[in-house]
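Below, each chain spelled out in residue letters.
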Amino acid sequence: MSSQNNSPNPAAKKDLPAGDGPSKEGKSKAQIRAENRERQDKQRAAKAASTTNKNPGGGNAEAGSNKKVTESKPKQKQPAVQRPDDSSGRRGATAQAPATEAPSMAADVEDKIRDLRIFSHFGARGHLGQKIKGEIHPSIVRLGLLFAEYKITGANARCISALTAFKSVIADYVTPSNNTLSRHIMTYLSPQISYLTSARPMSVSLGNAIRSLKLQISQIDIDLPEHAAKTELYARIDQYMQERILAADVAISTFGLAKIHDGDVVLTYAKWV
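Sequence order sets the numbering: in each chain, residues are counted from 1 along the sequence as written. Residues qualify for local features only when their pLDDT is at least 70, as the model is predicted, and side-chain atom pairs are given and counted only at 80 or more; totals for whole chains, interfaces and linings, by contrast, use all residues. The basis for the side-chain values is all heavy atoms of the structure; hydrogens and waters are excluded.

The name given to the chain in an unreviewed UniProt entry is Translation initiation factor eIF2B subunit delta, and the organism recorded there is Rhizoctonia solani. Per its UniProt entry, the chain bears the Subcellular location (unreviewed entry) comment "Cytoplasm, Cytosol". UniProt positions are given in the numbering used here, feature names are shortened, and annotations may be inferred rather than shown by experiment. Its UniProt record, at the heading Sequence similarities (unreviewed entry), says of the chain: "Belongs to the eIF-2B alpha/beta/delta subunits family."

See the structure below:
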(Lines give C-alpha, C1' and ligand atoms only; values in the text may rest on other atoms or scores of the structure.)
Protein backbone atom coordinates (compact mmCIF):
# COMPACT_ATOMS: atom_id res chain seq x y z
CA MET A 1 0.00 0.00 0.00
CA SER A 2 2.73 2.42 0.88
CA SER A 3 4.64 1.75 -2.29
CA GLN A 4 1.67 2.55 -4.44
CA ASN A 5 0.98 5.86 -2.71
CA ASN A 6 4.56 7.18 -3.13
CA SER A 7 4.82 6.57 -6.88
CA PRO A 8 4.37 9.62 -9.11
CA ASN A 9 1.17 10.10 -11.00
CA PRO A 10 1.87 10.73 -14.68
CA ALA A 11 -1.66 11.87 -15.36
CA ALA A 12 -1.39 14.62 -12.79
CA LYS A 13 1.71 16.00 -14.51
CA LYS A 14 -0.10 16.21 -17.80
CA ASP A 15 -2.90 18.28 -16.26
CA LEU A 16 -0.59 21.13 -15.18
CA PRO A 17 -0.73 24.28 -17.41
CA ALA A 18 2.28 24.80 -19.66
CA GLY A 19 2.88 28.53 -18.93
CA ASP A 20 2.61 28.42 -15.17
CA GLY A 21 5.35 26.03 -14.46
CA PRO A 22 8.72 27.25 -13.17
CA SER A 23 11.73 27.38 -15.52
CA LYS A 24 15.03 25.69 -14.98
CA GLU A 25 16.43 28.83 -13.24
CA GLY A 26 13.39 29.26 -11.06
CA LYS A 27 12.02 32.35 -13.03
CA SER A 28 8.72 32.60 -14.75
CA LYS A 29 8.33 33.56 -18.42
CA ALA A 30 6.83 36.93 -17.48
CA GLN A 31 9.93 37.81 -15.51
CA ILE A 32 12.15 36.75 -18.41
CA ARG A 33 10.19 38.93 -20.84
CA ALA A 34 10.46 41.90 -18.48
CA GLU A 35 14.21 41.42 -18.22
CA ASN A 36 14.54 41.20 -22.01
CA ARG A 37 12.51 44.40 -22.44
CA GLU A 38 14.65 46.20 -19.87
CA ARG A 39 17.81 45.02 -21.62
CA GLN A 40 16.55 46.31 -25.00
CA ASP A 41 15.70 49.69 -23.47
CA LYS A 42 19.21 49.98 -22.08
CA GLN A 43 20.70 49.12 -25.48
CA ARG A 44 18.60 51.79 -27.21
CA ALA A 45 19.60 54.38 -24.62
CA ALA A 46 23.28 53.50 -25.03
CA LYS A 47 22.99 53.74 -28.83
CA ALA A 48 21.30 57.16 -28.63
CA ALA A 49 23.99 58.38 -26.23
CA SER A 50 26.76 57.28 -28.58
CA THR A 51 25.10 59.09 -31.53
CA THR A 52 24.79 62.28 -29.49
CA ASN A 53 28.46 62.15 -28.51
CA LYS A 54 29.53 61.91 -32.18
CA ASN A 55 27.63 65.16 -33.11
CA PRO A 56 27.58 67.35 -30.00
CA GLY A 57 25.42 70.46 -30.17
CA GLY A 58 23.30 69.25 -33.13
CA GLY A 59 21.73 72.14 -35.09
CA ASN A 60 23.25 74.72 -32.76
CA ALA A 61 26.75 74.16 -34.17
CA GLU A 62 26.20 76.55 -37.08
CA ALA A 63 24.69 79.18 -34.81
CA GLY A 64 27.66 78.87 -32.49
CA SER A 65 30.13 79.32 -35.35
CA ASN A 66 28.25 82.37 -36.63
CA LYS A 67 28.30 83.81 -33.16
CA LYS A 68 32.05 83.33 -32.94
CA VAL A 69 32.59 85.03 -36.32
CA THR A 70 30.41 87.93 -35.28
CA GLU A 71 32.26 88.33 -32.03
CA SER A 72 35.64 88.18 -33.80
CA LYS A 73 34.83 91.15 -36.09
CA PRO A 74 36.04 94.47 -34.72
CA LYS A 75 33.39 97.03 -34.04
CA GLN A 76 33.37 99.90 -36.54
CA LYS A 77 33.50 103.36 -35.17
CA GLN A 78 30.32 105.31 -35.69
CA PRO A 79 30.77 108.81 -37.13
CA ALA A 80 30.38 111.49 -34.59
CA VAL A 81 27.00 113.16 -34.86
CA GLN A 82 27.00 116.86 -34.29
CA ARG A 83 24.69 117.87 -31.53
CA PRO A 84 22.06 120.53 -32.22
CA ASP A 85 23.42 122.74 -29.46
CA ASP A 86 26.84 123.02 -31.14
CA SER A 87 26.61 126.64 -32.20
CA SER A 88 30.10 126.85 -33.70
CA GLY A 89 29.53 123.86 -35.99
CA ARG A 90 26.16 125.22 -37.03
CA ARG A 91 27.66 128.56 -37.97
CA GLY A 92 30.37 126.83 -40.02
CA ALA A 93 27.81 124.74 -41.90
CA THR A 94 25.66 127.72 -42.78
CA ALA A 95 28.69 129.67 -43.90
CA GLN A 96 29.91 126.92 -46.23
CA ALA A 97 26.53 126.05 -47.79
CA PRO A 98 26.25 129.04 -50.18
CA ALA A 99 29.85 128.57 -51.36
CA THR A 100 29.22 124.97 -52.43
CA GLU A 101 25.71 125.41 -53.82
CA ALA A 102 26.37 128.52 -55.91
CA PRO A 103 28.82 126.91 -58.41
CA SER A 104 26.57 123.88 -58.86
CA MET A 105 23.53 126.07 -59.55
CA ALA A 106 25.51 128.15 -62.04
CA ALA A 107 26.69 125.00 -63.80
CA ASP A 108 23.13 123.67 -64.06
CA VAL A 109 21.88 126.93 -65.54
CA GLU A 110 24.75 126.99 -68.03
CA ASP A 111 24.01 123.41 -69.12
CA LYS A 112 20.34 124.23 -69.67
CA ILE A 113 21.20 127.30 -71.74
CA ARG A 114 23.57 125.28 -73.91
CA ASP A 115 20.80 122.79 -74.61
CA LEU A 116 18.66 125.50 -76.23
CA ARG A 117 19.33 125.83 -79.93
CA ILE A 118 18.47 129.51 -79.95
CA PHE A 119 21.49 130.15 -77.71
CA SER A 120 23.84 127.80 -79.56
CA HIS A 121 25.83 130.67 -81.09
CA PHE A 122 26.88 131.71 -77.56
CA GLY A 123 28.75 128.46 -76.98
CA ALA A 124 32.47 127.89 -77.02
CA ARG A 125 34.08 127.68 -80.44
CA GLY A 126 35.74 124.60 -81.82
CA HIS A 127 39.03 124.25 -83.67
CA LEU A 128 39.34 126.96 -86.31
CA GLY A 129 39.19 125.55 -89.83
CA GLN A 130 39.46 121.92 -88.74
CA LYS A 131 38.60 119.33 -91.43
CA ILE A 132 37.56 121.96 -93.99
CA LYS A 133 38.33 121.08 -97.58
CA GLY A 134 38.80 123.78 -100.16
CA GLU A 135 40.59 127.09 -100.59
CA ILE A 136 39.84 129.72 -97.97
CA HIS A 137 39.86 133.35 -99.03
CA PRO A 138 42.19 135.66 -97.02
CA SER A 139 39.32 137.97 -96.06
CA ILE A 140 37.43 135.00 -94.62
CA VAL A 141 40.52 133.91 -92.67
CA ARG A 142 40.87 137.36 -91.12
CA LEU A 143 37.17 137.51 -90.31
CA GLY A 144 37.25 134.05 -88.76
CA LEU A 145 40.06 135.09 -86.44
CA LEU A 146 38.11 138.19 -85.41
CA PHE A 147 35.07 136.03 -84.68
CA ALA A 148 37.12 133.54 -82.69
CA GLU A 149 38.76 136.25 -80.59
CA TYR A 150 35.43 138.03 -80.00
CA LYS A 151 36.71 141.17 -81.68
CA ILE A 152 33.41 141.46 -83.56
CA THR A 153 30.37 140.95 -81.35
CA GLY A 154 26.67 141.32 -81.90
CA ALA A 155 24.44 139.50 -84.37
CA ASN A 156 24.03 142.45 -86.74
CA ALA A 157 27.73 143.33 -86.72
CA ARG A 158 28.75 139.75 -87.45
CA CYS A 159 26.19 139.46 -90.24
CA ILE A 160 27.26 142.70 -91.94
CA SER A 161 30.96 141.82 -91.70
CA ALA A 162 30.31 138.36 -93.15
CA LEU A 163 28.32 139.72 -96.10
CA THR A 164 31.05 142.28 -96.76
CA ALA A 165 33.65 139.49 -96.77
CA PHE A 166 31.49 137.48 -99.18
CA LYS A 167 31.56 140.42 -101.58
CA SER A 168 35.37 140.22 -101.57
CA VAL A 169 35.19 136.48 -102.19
CA ILE A 170 32.83 136.98 -105.13
CA ALA A 171 35.06 139.71 -106.55
CA ASP A 172 38.10 137.39 -106.63
CA TYR A 173 36.14 134.41 -107.92
CA VAL A 174 36.79 133.24 -111.46
CA THR A 175 34.29 130.97 -113.15
CA PRO A 176 35.91 127.80 -114.55
CA SER A 177 35.56 127.01 -118.21
CA ASN A 178 32.43 125.17 -119.30
CA ASN A 179 30.62 126.41 -116.15
CA THR A 180 28.40 129.30 -115.17
CA LEU A 181 28.71 131.55 -112.14
CA SER A 182 25.26 130.76 -110.74
CA ARG A 183 25.88 127.01 -110.84
CA HIS A 184 29.49 126.86 -109.64
CA ILE A 185 30.07 129.71 -107.23
CA MET A 186 28.37 127.93 -104.31
CA THR A 187 31.02 125.20 -104.42
CA TYR A 188 33.52 127.99 -103.73
CA LEU A 189 31.43 129.75 -101.07
CA SER A 190 30.64 126.62 -99.04
CA PRO A 191 34.19 126.23 -97.55
CA GLN A 192 34.16 129.93 -96.65
CA ILE A 193 30.91 129.51 -94.73
CA SER A 194 32.20 126.39 -93.00
CA TYR A 195 35.33 128.24 -91.91
CA LEU A 196 33.31 131.02 -90.30
CA THR A 197 31.11 128.46 -88.58
CA SER A 198 34.17 126.74 -87.14
CA ALA A 199 35.29 130.06 -85.68
CA ARG A 200 31.93 130.81 -84.06
CA PRO A 201 28.60 129.00 -84.26
CA MET A 202 26.34 130.61 -86.82
CA SER A 203 23.88 133.16 -85.48
CA VAL A 204 20.26 133.34 -86.58
CA SER A 205 20.72 136.55 -88.57
CA LEU A 206 23.81 135.25 -90.37
CA GLY A 207 22.01 132.03 -91.25
CA ASN A 208 19.14 134.01 -92.75
CA ALA A 209 21.58 136.16 -94.73
CA ILE A 210 23.37 133.11 -96.17
CA ARG A 211 20.07 131.53 -97.22
CA SER A 212 19.08 134.77 -98.92
CA LEU A 213 22.45 134.94 -100.71
CA LYS A 214 22.02 131.39 -102.02
CA LEU A 215 18.56 132.28 -103.29
CA GLN A 216 19.87 135.38 -105.06
CA ILE A 217 22.65 133.36 -106.71
CA SER A 218 20.20 130.75 -107.97
CA GLN A 219 18.05 133.48 -109.58
CA ILE A 220 20.89 134.91 -111.70
CA ASP A 221 20.51 134.26 -115.42
CA ILE A 222 22.99 131.66 -116.61
CA ASP A 223 23.54 133.61 -119.85
CA LEU A 224 24.57 136.74 -117.95
CA PRO A 225 28.28 137.58 -118.28
CA GLU A 226 30.44 137.05 -115.22
CA HIS A 227 31.13 140.73 -114.59
CA ALA A 228 27.45 141.65 -114.85
CA ALA A 229 26.48 138.73 -112.62
CA LYS A 230 28.95 139.84 -109.95
CA THR A 231 27.66 143.41 -110.11
CA GLU A 232 24.11 142.17 -109.62
CA LEU A 233 25.19 140.11 -106.61
CA TYR A 234 26.90 143.13 -105.04
CA ALA A 235 23.71 145.13 -105.41
CA ARG A 236 21.54 142.41 -103.89
CA ILE A 237 23.90 141.97 -100.93
CA ASP A 238 23.89 145.73 -100.27
CA GLN A 239 20.11 145.79 -100.57
CA TYR A 240 19.78 142.96 -98.05
CA MET A 241 22.03 144.72 -95.54
CA GLN A 242 20.14 147.99 -95.95
CA GLU A 243 16.60 146.63 -95.81
CA ARG A 244 16.85 143.56 -93.60
CA ILE A 245 19.43 144.78 -91.07
CA LEU A 246 19.96 148.54 -90.94
CA ALA A 247 16.46 149.74 -91.84
CA ALA A 248 14.87 146.95 -89.81
CA ASP A 249 16.93 147.97 -86.80
CA VAL A 250 15.75 151.56 -87.10
CA ALA A 251 12.12 150.53 -87.66
CA ILE A 252 12.10 148.20 -84.66
CA SER A 253 13.67 150.86 -82.44
CA THR A 254 11.16 153.51 -83.55
CA PHE A 255 8.17 151.21 -83.13
CA GLY A 256 9.35 149.93 -79.77
CA LEU A 257 10.06 153.42 -78.49
CA ALA A 258 6.42 154.38 -79.05
CA LYS A 259 5.22 151.34 -77.09
CA ILE A 260 7.57 151.49 -74.10
CA HIS A 261 6.89 153.93 -71.29
CA ASP A 262 8.55 154.66 -67.98
CA GLY A 263 8.08 151.82 -65.51
CA ASP A 264 7.43 149.14 -68.16
CA VAL A 265 9.23 145.80 -68.02
CA VAL A 266 10.91 144.64 -71.24
CA LEU A 267 11.62 140.93 -71.68
CA THR A 268 14.56 140.00 -73.92
CA TYR A 269 15.52 136.54 -75.15
CA ALA A 270 19.15 137.07 -76.11
CA LYS A 271 22.21 139.12 -75.23
CA TRP A 272 25.02 140.90 -77.01
CA VAL A 273 28.25 138.94 -77.19
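Having seen the model, we can carry on.
1. Remarks on the overall build of the chain
Only runs of H or I of at least four residues qualify as helices and only runs of E of at least two qualify as strands under DSSP, and these elements are numbered from the N terminus. The number of helices and strands found in the chain is 10 helices and 0 strands. Scanning the chain from its N terminus toward the C terminus, one meets helices and strands in the order α-α-α-α-α-α-α-α-α-α. To sort residues, take the accessible area from a 1.4 Å probe on protein chains only and compare it with the maximum for the residue type: under 20% means buried, over 50% means exposed, and anything in between is partly exposed. With 273 residues in all, the chain has 20% of them scored as buried. Here the accessible surface of atoms and residues is derived via Shrake-Rupley with a 1.4 Å probe, and residues count as covered only by protein chains that are part of the display. Carbon and sulfur atoms make up 56% of the accessible area of the chain, which amounts to about 20,800 Å² in all.

2. Concerning the packing of helix α9 (residues 204-218) against helix α10 (residues 226-259)
Axes here refer to lines fitted to C-alpha atoms; in helices the fit is confined to the stretch in contact. Angles between the N-to-C directions go from 0 to 180 degrees. It is the contact of α9 with α10, at a shortest axis distance of 11 Å, that shows an interaxial angle of 150 degrees. Classed by the angle they form, the pair α9 and α10 counts as roughly antiparallel. In the crossing of α9 with α10, the sense of the turn from one axis to the other is right-handed. Taking contact as the criterion, the partners of S205, N208, A209, S212, L213, Q216 and I217 in α9 are, on α10, L233, R236, I237 and Y240. Note that Gly is not counted as nonpolar here; it falls among the polar residues with everything else outside the nonpolar set of Ala, Val, Leu, Ile, Met, Phe, Trp, Tyr, Cys and Pro and the charged set of Asp, Glu, Lys and Arg. Within the contact of α9 with α10, the residues separate by chemical class into 6 nonpolar, 4 polar and 1 charged. These descriptions rest on fixed angle ranges, namely under 35 degrees for roughly parallel, over 145 for roughly antiparallel, 65 to 115 for roughly perpendicular, and the rest for oblique. A clockwise turn of the near helix away from the far one marks a right-handed crossing, whereas an anticlockwise turn of less than a right angle marks a left-handed crossing. Here, two residues are considered to be in contact whenever any of their heavy atoms come within 4.5 Å of each other.

3. Description of helix α7 (residues 155-172)
Between the first and last residue of a helix there are one fewer steps than residues, each counted as 1.5 Å, and that sum is the expected span. Taking 1.5 Å of rise per residue, the 18 residues of α7 would be expected to cover 26 Å, and the 26 Å separating its terminal C-alpha atoms lies within 8% of that figure. When α7 is considered as a whole, its buried residues turn out to be R158, C159, S161, A162, L163, A165, F166, V169 and I170. Packed against the buried residues of α7 are α6 (138-148), α8 (181-199), α9 and α10.

4. Thoughts on α10
For α10, with 34 residues, the first-to-last C-alpha span of 48 Å sits near the 50 Å given by 1.5 Å per residue. Bend is the name given here to the angle between axes fitted to two runs of seven residues, the run ending at a residue and the run starting at it. Maximum bend of α10: about 40 degrees, positioned at A248. Listing the buried residues of α10 in full gives A229, K230, L233, I237, Y240, M241, I245 and G256. In the core, the buried residues of α10 are packed alongside α7, α8 and α9.

5. Here we look at the nonpolar core
Within the largest apolar cluster, 34 residues are counted, with the highest numbers of intra-cluster contacts made by L163, F166, I185 and L189. The set of elements that each furnish at least two residues to this core consists of α6, α7, α8, α9 and α10. Of the residues forming this core, the biggest block, 9 residues, is contributed by α8. Those residues in contact with I185, other than ones at most four positions away along the chain, are I170, Y173, I217 and L233. Nonpolar core, defined: a set of buried Ala, Val, Leu, Ile, Met, Phe, Trp, Tyr and Cys residues in which side-chain atoms within 4.5 Å join the residues together.

6. Examining the side chain of T175
Relative to the elements of secondary structure, T175 occurs in the loop between α7 and α8. Since its relative accessible area comes to 16%, T175 is described here as buried. Within the structure, T175 has its side chain in polar contact with the side chain of E226 (distance 3.2 Å). Once residues within four sequence positions are removed from consideration, T175 is found in contact with T180, L181 and E226. Contacts described as polar in this section are N or O atom pairs within 3.5 Å, which, within protein, must combine one atom able to donate a hydrogen with one able to accept it, while residues neighboring in sequence count only if both atoms come from side chains.

7. Description of the packing of α7 against α8
Contact geometry of α7 with α8 gives a least axis separation of 11 Å together with a crossing angle of 145 degrees. Between α7 and α8 the crossing geometry is right-handed. Within the contact between the two elements, α7 uses A162, F166, V169 and I170 and α8 uses I185, Y188, L189, Q192, I193 and L196. Classifying every residue of the contact of α7 with α8 by side-chain character gives 9 nonpolar, 1 polar and no charged.

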